[in-house]
Amino acid sequence: MQDYQTILEEIYQSLKNCENTGQVASYIPELANADKNKLGLHLQLITGENFGVGNSSEKFSIQSISKVFSLALAFQHIGNDLLERVDVEPSGNPFNHLSLLEQEDGIPRNPLINSGAIVVADVLLSNLQNPKQDFLEFVRELAHDDTIEFNEKIAESERKTGFNNYAAANLLKAYGNLNNKVEDVLDFYFHQCSIMMDCKQLTDAFFVFANKGCCRKNKQHLTDSQVKRVNAIMLTCGFYDEAGEFAFEVGLPGKSGVGGGIVALLPNEFIIATWAPALNPKGNSYLGMQALEQFTTKTKLSIF
Ligand SMILES: NC(=O)CC[C@H](N)C(=O)O
């Protein structure tokens, strides 16, 4: 086995010493408080070994990483019917882009951009009995961790400034691709994005996507085919208009969030999560992208 702890420490040291030109997201005011100097990495092997460095056990707002959980839960409930309301093509555009939605008659390009995730949130609202609580329980169950919570302050902060997401939701409603009230769908969406987790917990929860749909306690949550699809969507759409760059530099399916987190995985091998709050111009963690590039280069482990 490779010396993963040493590899993580080398990556951590090299990034701690490099100039961090990223910027913390400030369009959600609560996120602007994050400390740009934080950096955490956690690796979990499919065999259960764990390795961590830096601020890997500090919780942060997972933001768009939550879109993978909502996609998985929607697949679990309505299967491929989901694909009638949201496509699976990379958008080549920023996560909050609107004009494509209008050009394509209210069918979002994929479930990992905001408009697509808002449609998925609508599906969950229609299919769950207590939507927010049931969603939280799903994430807790995947991670086997009942301490995972929403951050009400962050959800409220985004509600107050989420004009772009209101625009997307209203456009979806106008095209007949939203069954519930705009306010209710966005309340769910802002809460899912506000969930607080650390790098270790993210690797726990994403274990299911590296392990053919079975979580760490061996419960089957998704079929083989659903896991294949979720991973394919992560690979092609998980980093918005930087998905090509991530595949090129890192070579793993993964998902980023504007809280500065990234989770990536190699099916049947490992799950790795990074957290560094400052973002590059495309909205992905500046140091996190580099950490993962170094990891797959040093270990020679990627899907390619
Ligand atoms: N890329 C992200 O993490 C974006 C999520 C954020 N909640 C938004 O809707 O703008």
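Residues numbered from 1 in each chain as written. Predicted model: local features only at pLDDT ≥ 70, side-chain atom pairs only at ≥ 80, totals over all residues.

## Examining helix 8 (residues 182-194)
Applied cut-off: Secondary structure elements follow DSSP: runs of H or I of four or more residues count as helices, runs of E of two or more count as strands, with numbering from the N terminus. One fewer than the residue count of a helix, multiplied by 1.5 Å, yields its expected span. Residue burial here comes from a neighbour count, namely the number of other C-beta atoms, placed from the backbone, that lie within 10 Å of the residue's own C-beta, with 20 or more meaning buried, 12 or fewer meaning exposed, and in between meaning partly exposed. Here the contact rule is simple: place C-beta atoms from the backbone, and any two residues whose C-beta atoms are within 7 Å are in contact.
Between the first and last C-alpha of helix 8 there are 18 Å, a value that for 13 residues agrees with the 18 Å anticipated at 1.5 Å per step. Along helix 8, the positions that sit buried rather than exposed are V185, L186, F188, Y189, F190, H191, Q192, C193 and S194. In the core, the buried residues of helix 8 are packed alongside strand 4 (60-61), helix 2 (66-78), helix 4 (114-127), helix 5 (131-143), helix 6 (152-161) and helix 7 (163-174).

## Considerations on the UniProt feature "binding site: substrate" (unreviewed entry) in the chain
To keep things clear, this is the line we draw: UniProt positions are given in the numbering used here, feature names are shortened, and annotations may be inferred rather than shown by experiment.
Taken from the UniProt record, the annotation "binding site: substrate" (unreviewed entry) applies to S64, N114, E158, N165, Y189, Y240 and V258. Within the secondary structure, S64 sits in the loop between strand 4 and helix 2. Look at S64 and you get buried, because 24 C-beta atoms sit within 10 Å. Beyond its immediate chain neighbours, meaning those up to four positions away, S64 contacts F95, L112, C193, K255, S256, G257 and V258. You can call E158 buried: it has 23 C-beta atoms within 10 Å. Those residues in contact with E158 that lie beyond four places of it in its chain are I28, F190 and C193.

## Considering the sheet that holds strand 2 (residues 40-45)
Put simply, the rule reads: DSSP-based pairing: two strands are paired if at least 2 bridges between them are found. Axis definition: a line fit to C-alpha positions, over the contact stretch in the case of helices; interaxial angles, taken between N-to-C directions, run 0 to 180 degrees.
In spatial order, the strands read 3-2-8-7-6; together these five strands make up an open sheet with antiparallel pairing. The sheet terminates laterally at strand 3 (50-54) and strand 6 (254-256), the two strands that pair on one side only. Pairwise comparison of adjacent strand axes, ignoring direction, gives a mean angle of 5° for this sheet. Sheet analysis places strand 2 next to strand 3, joined by five bridges and oriented antiparallel. By the bridge assignment for strand 3, Q44 is matched with N50. Where helix 9 (residues 199-210) meets the sheet, it contacts strand 2, strand 3, strand 7 (261-266) and strand 8 (270-275), and its direction lies at approximately 145° from that of strand 8. With respect to the sheet, helix 12 (residues 286-299) is in contact with strand 2, strand 7 and strand 8, its orientation differing from that of strand 8 by roughly 150°.

## Concerning the packing of helix 6 against helix 8
The condition that has to hold: With respect to orientation, any angle under 35 degrees is reported as roughly parallel, any angle over 145 as roughly antiparallel, any angle of 65 to 115 as roughly perpendicular, and every other angle as oblique. Here a crossing is called left-handed whenever its near helix is offset anticlockwise from the far helix by less than a right angle, and right-handed whenever the offset is clockwise. Side-chain classes are defined by residue name, with Ala, Val, Leu, Ile, Met, Phe, Trp, Tyr, Cys and Pro counting as nonpolar, Asp, Glu, Lys and Arg as charged, and the others, Gly among them, as polar.
In contact at an axis separation of 8 Å, helix 6 and helix 8 are set at 135° when each is read in the N-to-C sense. Taken together, the axes of helix 6 and helix 8 are oblique relative to one another. Considering the relative orientation of helix 6 and helix 8, their crossing is right-handed. For the pair formed by helix 6 and helix 8, the contact residues are I154, A155, E158 and R159 on the first element and F190, H191, C193 and S194 on the second. Considered class by class, the residues forming the contact of helix 6 with helix 8 number four nonpolar, two polar and two charged.

## Examining the site of the ligand
The condition is simple: Proximity of a residue to a molecule or strand is defined by its backbone-placed C-beta atom lying within 6 Å of that partner. Residue ranges for the domains trace back to a domain assignment, done automatically or taken from a database.
Taken together, Q63, S64, F95, N96, N114, E158, N165, C193, G257, V258 and G283 are the residues near the ligand. A per-class count over the shell around the ligand returns three nonpolar, seven polar and one charged. Here the shell around the ligand gathers at least three residues from each of two domains, domain 1 (4-62 + 197-299) and domain 2 (64-194).

## Points about the pairing of strand 7
The element strand 7 is largely enclosed, with a buried count of six among its six residues. Alternating residues of strand 7 divide into G261, V263 and L265 and I262, A264 and L266, and every residue in both groups is buried. The pairing of strand 6 with strand 7 spans three bridges and is classified as antiparallel. Pairing of K255 across the sheet is with V263, part of strand 7. Hairpin remark: strand 6 followed by strand 7, antiparallel, with four residues in the connecting loop; positive phi at G260, about 100°. Strand direction decides the pairing type here: strand 7 and strand 8, joined by six bridges, are antiparallel. Along strand 8, the bridge assignment pairs G261 with W275. Between the end of strand 7 and the start of strand 8, which pair antiparallel, lie three residues, with N268 showing a positive phi angle near 70°.

## Points about the packing of helix 4 against helix 7
Running from N to C, helix 4 and helix 7 cross one another at 60°; their axes reach a closest spacing of 10 Å. If you check the angle between helix 4 and helix 7, you find them oblique. Crossing of helix 4 against helix 7: the hand is right-handed. Only N165, A168, A169 and L172 of helix 7 make contact with helix 4, whose side of the interface consists of N114, S115, I118 and V119. Residues that form the contact of helix 4 with helix 7 fall into these classes: five nonpolar, three polar and no charged.

## Re the domain arrangement of the chain
Domain boundaries assigned for the chain yield domain 1 (4-62 + 197-299) and domain 2 (64-194). In this structure, domain 1 and domain 2 have C-alpha centres spaced 20 Å apart. With 34 residues of domain 1 in contact, the opposing surface of domain 2 contributes 33 residues. Its residues assigned to classes, the side of domain 1 that touches domain 2 shows 18 nonpolar, ten polar and six charged.

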